[in-house]
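Coordinate analysis (summary)
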Amino acid sequence: MLRIEDVRMFVRATQLESFSSVAREAGLLPAQVSAAISRLEKELGVSLFVRTTRTIRLTKEGNTYLPYANEMLEVIKAGRESLDSHSGVLKGLIKISMPSDIGRSTLLPIISSFCKKHTGISVQLIFTDAVSDIHRDPVDVAVRYGILPDKSYVALPLADYNRRILVASPDYLERHGEPHSLEEVPSRDCILFTLNGHPYGTWSFYDKGKKHSISVKSRFVCNDSETTRRLALEGVGIGYKSWLDVHADIDRKALVPVLPHFKGESNPLSFICPHRSQLNPATRSLYSEFKSHFDKLARHFTLTD
């Protein structure tokens, strides 16, 4: 008899390309995952993977079976969600990946309120600034900054209006003076963050439709966007931050916009699901909560053209 959990492990193995990775994720031994795949192969009467000592890859039969396995899991999930939607009660686990800064300062309170309202919902929160492959990572929702070239997933807009902005603390500007041109910025103390493992050292701006770019080096480099904001608040130097990350600091005058007539790069925020099937009643309701918040913030955004 075909076991759904064996099918689920087969699909996950195609995504992670490793039985050991599937085992670690599921809290199992690699031998248990291998046994599940072997059980499924015996039931189907074909070999699904070519196995070597280090890698696995799908056979021709495995490639043929994969879309049906995916569809099978989606139908089962949709059936469960249809029962939940008819009951009017949101249930289930939502795994959410989000940037560290806006995730902690803005999204976490919204998620907390959402879970208090819907007690049948559980969440697993992943704070990361890395642009990871959401098809490989086990998440239902990813909140991401930036232009999204990959259209293989579902992306819903949260804040299309958002841009990057130069900011510094009043204390830093009092001690060092405010730069009067973009050309002066690289000579100041700047705060850099790493993007995909590399320092994001080219800062671009627009003035009257013309693009200007500056190259920045720094003594202060980190891989966490919340830390770059904290360093700016500490008066360490000038940061190039998303407006959404720092608007509250600007409102309370803890940070000051630097050269505000230069508009930073567009940095839209999006709500992403790897598959349309993950846009279920629970994730759609969460999206509505997020979107409502960022729509209200849009009224206070002052950097648009």
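That block above? That's the structure.
Please read all numbers here as calculations on a predicted model, not as lab measurements.

One finds Leu244, Phe290 and Phe294 to be the most contacted residues of the largest nonpolar core, which totals 37 residues. Where this core is concerned, the elements lending two or more residues are strand E3 (92–98), helix H5 (100–117), strand E5 (141–145), strand E6 (154–159), strand E7 (164–168), helix H8 (243–251), strand E16 (269–273) and helix H9 (281–298). Leu244 has contacts with Ile102, Tyr145, Ala159, Tyr161, Asn162, Leu269, Phe294 and Leu297, leaving out every residue within four places of it along the chain. Val7, Phe10, Ile37 and Ile56 belong to the second largest nonpolar core, which has 21 residues in total.

Taken in spatial order, the 3 strands line up as E11-E10-E15 in an open sheet, and their pairing is antiparallel. Of all strands in the sheet, those with a lone pairing partner are strand E11 (210–215) and strand E15 (263–264), marking the two edges. Bridge analysis of strand E10 (residues 202–207) against E15 gives 2 bridges, and the strand direction is antiparallel. Bridging across to E15, Tyr206 finds its partner in Lys263.

By the secondary structure assignment, Asn63 is in helix H4 (residues 60–87). By relative accessible area, Asn63 is classed as partly exposed at 47%.

Okay, the packing of H5 against helix H7 (residues 225–233) next. Between H5 and H7, the shortest axis-to-axis distance is 5 Å and the interhelical angle comes to 80°. The angle between the axes of H5 and H7 places the two elements in the roughly perpendicular class. From H5, Ser100, Asp101 and Arg104 reach across to H7, where they touch Ser225, Glu226 and Arg229. For the contact of H5 with H7, the per-class residue count stands at no nonpolar, 2 polar and 4 charged.

Another aspect to go through is the state of the cysteines. Within this structure, the stated rule accounts for 0 disulfides. This cysteine, Cys115, is not joined by any disulfide, and Cys273 carries the nearest cysteine sulfur, 16 Å off. Between Cys222, a cysteine without a disulfide, and Cys190, which holds the nearest cysteine sulfur, the sulfur-to-sulfur distance is 13 Å.

Sheet analysis places E3 next to strand E4 (residues 121–127), joined by 7 bridges and oriented parallel. Paired with Ile96 across the strands is Leu125, a residue of E4. Read from E3 through H5 to E4, the crossover connection turns out right-handed.

All right, on to the sheet that holds E16 then. Ordered in space as E4-E3-E5-E16-E6, the 5 strands form an open sheet in which the pairing is mixed. Taken across any chain shown, the strands that pair with only one partner, and hence form the sheet edges, are E4 and E6. With direction set aside, neighbouring strand axes in the sheet form an average angle of 25°. Summarising the sheet, E5 and E16 pair through 4 bridges and their orientation is antiparallel. Bridged to Ala142 within E16 is Ile272. Sheet contacts for H5: E3, E4, E5 and E16; angle to E4, the most-contacted strand, approximately 175°.

Thresholds applied
Residues numbered from 1 in each chain as written. Predicted model: local features only at pLDDT ≥ 70, side-chain atom pairs only at ≥ 80, totals over all residues. Heavy atoms only, no water. Core = buried A, V, L, I, M, F, W, Y, C linked by side-chain atoms within 4.5 Å. Buried < 20%, exposed > 50% of the residue type's maximum accessible area, 1.4 Å probe, protein only. Helix = DSSP H or I, 4+ residues; strand = E, 2+ residues; numbered from the N terminus. Contact = heavy atoms within 4.5 Å. Pairing = 2+ DSSP bridges. Axes fitted to C-alpha atoms, helices over the stretch in contact; angles between N-to-C directions. Parallel < 35°, antiparallel > 145°, perpendicular 65-115°, else oblique. Nonpolar A, V, L, I, M, F, W, Y, C, P; charged D, E, K, R; others polar. Disulfide = S-S within 2.5 Å. Right-handed = clockwise from strand over helix to strand, strands pointing away.

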